[in-house]
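Chain by chain, the residues run as shown.
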Amino acid sequence: MVETKKHSGSLEYIYIKNESASAKVALQGAHIFSYVRSGEDDLLWVSEVSDFEHKKAIRGGVPICWPWFGQDRSGEGRPQHGFARTSMFEFVSKDESDPYTTKITLKLKPSDETRKLWPYSFELMLHITVSDKLSMELSTTNLDERAFELTQALHTYFDVSDISNIQIKGLESKPYLDALSWDNKTQNGVITFAGEVDRVYQEVEGEISLIDNGKIISIKNDGSSSVVVWNPWIDKCRRMSAMKEDTYRGFVCIESANAFDDLILLKPGETHTLKAVIS
Ligand code: BG6
């Protein structure tokens, strides 16, 4: 089943259900905000105080950070993490031919609004496959006459039992940029959490595992060599939109990215695909 529905907070979304799983994808931002495998809890976390309104990014799920990741470096006051997450995508196609697997595609095209923020012509497609895995393929094509640079992320918020319980494996010995101090560091052992973490891991290849009380979630990325690991902890949580004081306990972000040194240069006519598969 693939149906268009309206959230009580006014955003329209696509509801997908098949024999393996269900998912919800808002048309604004092509923002996946639920992915539930049959008989299991939601793998994605969404803040109970999140807005579901036009022009406000949903706090949780999988925001798409595009065409830049993080703060605007131009000094022109453009929005953090780009404009894709608050832009309206078109629902392009669906494929329900297999009862266990549903595929949908959403597209963002340039508009006067996007050109004001980023003066390029492009096509951005998100191909989502919902089965016993959640696959997301974010493809950018340069339709401009000039080359452009791209940084981006599939900024996945994973639901966890408690941030103190979890471990992240697969990034041991990787270099990272510590975005709290802007120092370059190297990961020593598995990642655990006892305070704010905001890191951009580099030179990443292979599988990453999120281990939570014996439950293991696997993340496999392609077209990317950077992974952002983030939890705001209590003080930052108090200052952030759509968060409550203790909200930080329930999630961790493991973001499949092309960020900092891992930026993409796209020449006219070229396409780059960032892929993440969660299972
Ligand atoms: C992460 C960044 O990717 O996103 C953090 O590394 C940032 O520094 C976080 O705080 C959330 O950003 P936003 O714009 O959704 O509040």
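Everything that follows concerns the structure shown earlier in this document.
Conventions we followed
- Residues numbered from 1 in each chain as written.
- Predicted model: local features only at pLDDT ≥ 70, side-chain atom pairs only at ≥ 80, totals over all residues.
- Heavy atoms only, no water.
- Helix = DSSP H or I, 4+ residues; strand = E, 2+ residues; numbered from the N terminus.
- Rg over C-alpha atoms; globule rule 2.2 N^0.38 Å.
- Buried < 20%, exposed > 50% of the residue type's maximum accessible area, 1.4 Å probe, protein only.
- Contact = heavy atoms within 4.5 Å.
- Areas by Shrake-Rupley, 256 points an atom, 1.4 Å probe, with all protein chains shown as cover.
- Lys, Arg positive; Asp, Glu negative; His and termini not counted.
- Charge placed at Lys NZ, Arg CZ, Asp CG, Glu CD.
- Salt bridge = Lys/Arg side-chain N within 4 Å of Asp/Glu carboxyl O.
- Phe/Tyr/Trp six-rings, centres within 6.5 Å; stacked < 30°, edge-to-face > 60°.
- Lys NZ or Arg CZ within 6 Å of the ring centre and 35° of its normal.

Is there a simple way to explain the overall build of the protein in this structure?
Across its full length, the protein carries two helices and 21 strands. Here the C-alpha atoms of the protein give a radius of gyration of 18 Å, agreeing with the 19 Å that 2.2 N^0.38 yields for 279 residues. If one aligns the C-alpha atoms of the protein with their principal axes, the spans along those axes are about 45 × 45 × 35 Å. Counting every position in the protein, which comprises 279 residues, the buried fraction comes to 55%. Look at the contacts in the protein between residues 6 or more apart in sequence, and 61% of them connect residues 24 or more apart. Carbon and sulfur atoms make up 43% of the accessible area of the protein, which totals about 12500 Å². Positive and negative side-chain charges in the protein, numbering 32 and 42 respectively, have mean positions lying 2 Å apart.

I'm lost on the pattern of salt bridges in this one. Help?
Side chains that differ in charge, positive against negative, can pair when their charged atoms come close. Inspection of every chain in the model, using the stated rule, returns 16 salt bridges. The shortest N-O distance in the salt bridge between Asp 72 and Arg 78 comes to 2.8 Å. In this pair, the class of Asp 72 matches that of Arg 78, namely buried. Across the pair Glu 245 and Arg 238 runs a salt bridge, and its minimum N-O distance is 3.2 Å. Each of Asp 51, Glu 53 and Lys 56 takes part in a single network of salt bridges with overlapping partners.

Would you mind going over the packing of aromatic side chains with me for this structure?
For any pair of aromatic rings, the description rests on two quantities: the centre-to-centre distance and the angle between the ring planes. Overall, the coordinates contain 20 aromatic pairs when judged by the stated rule. Ring geometry for Phe 83 and Trp 118: centres 6.5 Å apart, planes at 55°, overall tilted. Taken together, the positions of Phe 83 in the loop between strand E5 (64-65) and strand E6 (90-98) and Trp 118 in the loop between helix H1 (112-117) and strand E8 (122-130) put the pair 35 residues apart, joining distant regions of the chain. Accessibility classification places Phe 83 together with Trp 118 in one group, the buried group. Geometry around Tyr 15 places Lys 5 over its ring, the cationic atom sitting 4.7 Å from the centre. The ring of Trp 68 has Arg 78 lying over it, and the distance from NZ or CZ to the ring centre is 3.8 Å.

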